[in-house]
Amino acid sequence: MDIRSLRTLNAARKNRQAAVLVTDMDAGGSRVILEGEVVAGSLGDHVAAAFRSGKAGTVDVAGRNLFLNVYLPPPRIVVIGAVHISQALARLAPIAGYDLAIIDPRTAFATPERFSEVELTADWPEDVLAARPLDAYSALVAVTHDPKIDDFPIADALRKGCFYVGALGSRKTHAKRVARLQEQGLSDAAIARIAAPIGLDIGAATPPEIAVAILAQIVQAYRRRDMVTTE
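Residues numbered from 1 in each chain as written. Predicted model: local features only at pLDDT ≥ 70, side-chain atom pairs only at ≥ 80, totals over all residues. Heavy atoms only, no water.

### A few points about the environment of proline 207
Item 1. With respect to the helices and strands, the residue proline 207 is situated in helix α8 (residues 207–223).
Item 2. Considering only alpha carbons, one finds proline 207 and arginine 76, 131 residues apart in sequence, at a separation of 20 Å.
Item 3. Proline 207 has contacts with His84, Ile85 and Ala88, leaving out every residue within four places of it along the chain. (Helix = DSSP H or I, 4+ residues; strand = E, 2+ residues; numbered from the N terminus. Contact = heavy atoms within 4.5 Å.)

So this is what it looks like as structure tokens:
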């Protein structure tokens, strides 16, 4: 790997941006392609597939033997609300390979006793997300039922292009949420990305079952994701 490619990869890693290192196995030489770049022809198709799968491999492009090495930021789940669903999700997420953080300003809920060995912050999402912003490799799960807590991170997640945005609540509750987000200037297309009711429809009834449904929906969104244009 040449020094220019190494510097580009290091910058991408620092900025939590995905990249593919393309190495010509026959002629030598390499180039770095960042996610979101326009790549023409069959190479573009191979690169897009590599970004989705995260798997390295060899491809043939116009008779050239190319090796694609994929560098993806670790996907993370940011949960708004220290509730029973969050407790179950905190146990499940690491098994599936996701980092997880919980944010809830309600100190009666956000306690180390209820969330041991979990990144837990008892503060307002506005302040927490300013210090550690959401990005395209973040999933946002809002489960407090409180618009004063949930609305900001949901809007922020849509604007930042998070690969998944889910919110707990009935259809009536979500309709009111949609109206509030529209008042904030979010487009109908952006709002339509919210998974609400949250989780895959598997008939989940208990908090652990709902957590399973949410995690399954997150995995589905991650593996089928496309680059999202932020607002």
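### Some thoughts on the packing of helix α3 (residues 84–92) against α8
Item 1. Close contact between α3 and α8 brings their axes to 8 Å; oriented N to C, the two are set at 55°. The angle between α3 and α8 places the two elements in the oblique class. In terms of crossing hand, the pair formed by α3 and α8 is right-handed. For the pair α3 and α8, the contacting residues are His84, Ile85, Ala88, Leu89 and Leu92 in the first and Pro207, Pro208, Ile210, Ala211, Val212, Ile214 and Leu215 in the second.
Item 2. When its residues are assigned to classes, the contact of α3 with α8 shows 11 nonpolar, one polar and no charged. (Axes fitted to C-alpha atoms, helices over the stretch in contact; angles between N-to-C directions. Parallel < 35°, antiparallel > 145°, perpendicular 65-115°, else oblique. Left-handed = near helix turned anticlockwise from the far one by under 90°. Nonpolar A, V, L, I, M, F, W, Y, C, P; charged D, E, K, R; others polar.)

### Quick notes on the sheet that holds strand β1 (residues 19–24)
Item 1. Spatial strand order, β2-β1-β4-β3: four strands in an open sheet with antiparallel pairing. Edge strands, defined here as strands with exactly one partner in the open sheet, are β2 (30–34) and β3 (57–61). Put simply, the sheet's adjacent strands are angled 30° from each other on average, direction ignored.
Item 2. Of the strands in this sheet, β1, β2 and β4 (64–71) are in contact with helix α1 (residues 3–14), which crosses β2 at around 20°.
Item 3. The strands touched by helix α2 (residues 41–53) are β1, β2, β3 and β4; relative to β4, the strand with the most contacts, the crossing angle is about 30°. (Pairing = 2+ DSSP bridges.)

### Focus: the nonpolar core
When a protein is soluble and globular, its nonpolar side chains tend to lie buried together.
Item 1. Judged by nonpolar contacts, the single largest core of 43 residues is most densely connected at Ile77, Val141, Tyr164, Ile214 and Ile218.
Item 2. Here the element with the most residues in this core is α8; it accounts for seven residues.
Item 3. The residues touching tyrosine 164, leaving out its near neighbours within four places in the chain, are Ser138, Ala139, Leu140, Val141, Arg193, Ala195, Ile198, Gly199, Ile214, Gln217, Ile218 and Ala221.
Item 4. Residues Val128, Ala142, Ala155 and Val178 belong to the second largest nonpolar core, which totals 22 residues. (Core = buried A, V, L, I, M, F, W, Y, C linked by side-chain atoms within 4.5 Å. Buried < 20%, exposed > 50% of the residue type's maximum accessible area, 1.4 Å probe, protein only.)

### Side note on α2
Item 1. The end-to-end C-alpha distance of α2, which contains 13 residues, comes to 19 Å, matching closely the 18 Å that a straight helix rising 1.5 Å per residue would cover.
Item 2. In this structure, the buried side of α2 is in contact with β1, β2, β3 and β4. (Expected span 1.5 Å × (residues − 1).)

### A short note on the packing of aromatic side chains
Item 1. One pass over the full model with this rule turns up three aromatic pairs.
Item 2. Taken together, a centroid distance of 6.1 Å and an interplanar angle of 80° make the contact between tyrosine 98 and tyrosine 222 edge-to-face. Residue tyrosine 98 is located in the loop between α3 and β6 (99–103), and its partner tyrosine 222 is located in helix α8; the two are separated by 124 residues in the primary sequence.
Item 3. When its relative accessible area of 6% is taken as the criterion, tyrosine 98 is described as buried.
Item 4. One aromatic cluster is present, built from ring pairs that chain together Tyr98, Tyr137, Phe163 and Tyr222. (Phe/Tyr/Trp six-rings, centres within 6.5 Å; stacked < 30°, edge-to-face > 60°.)

By themselves, these observations are geometric and do not establish any function.
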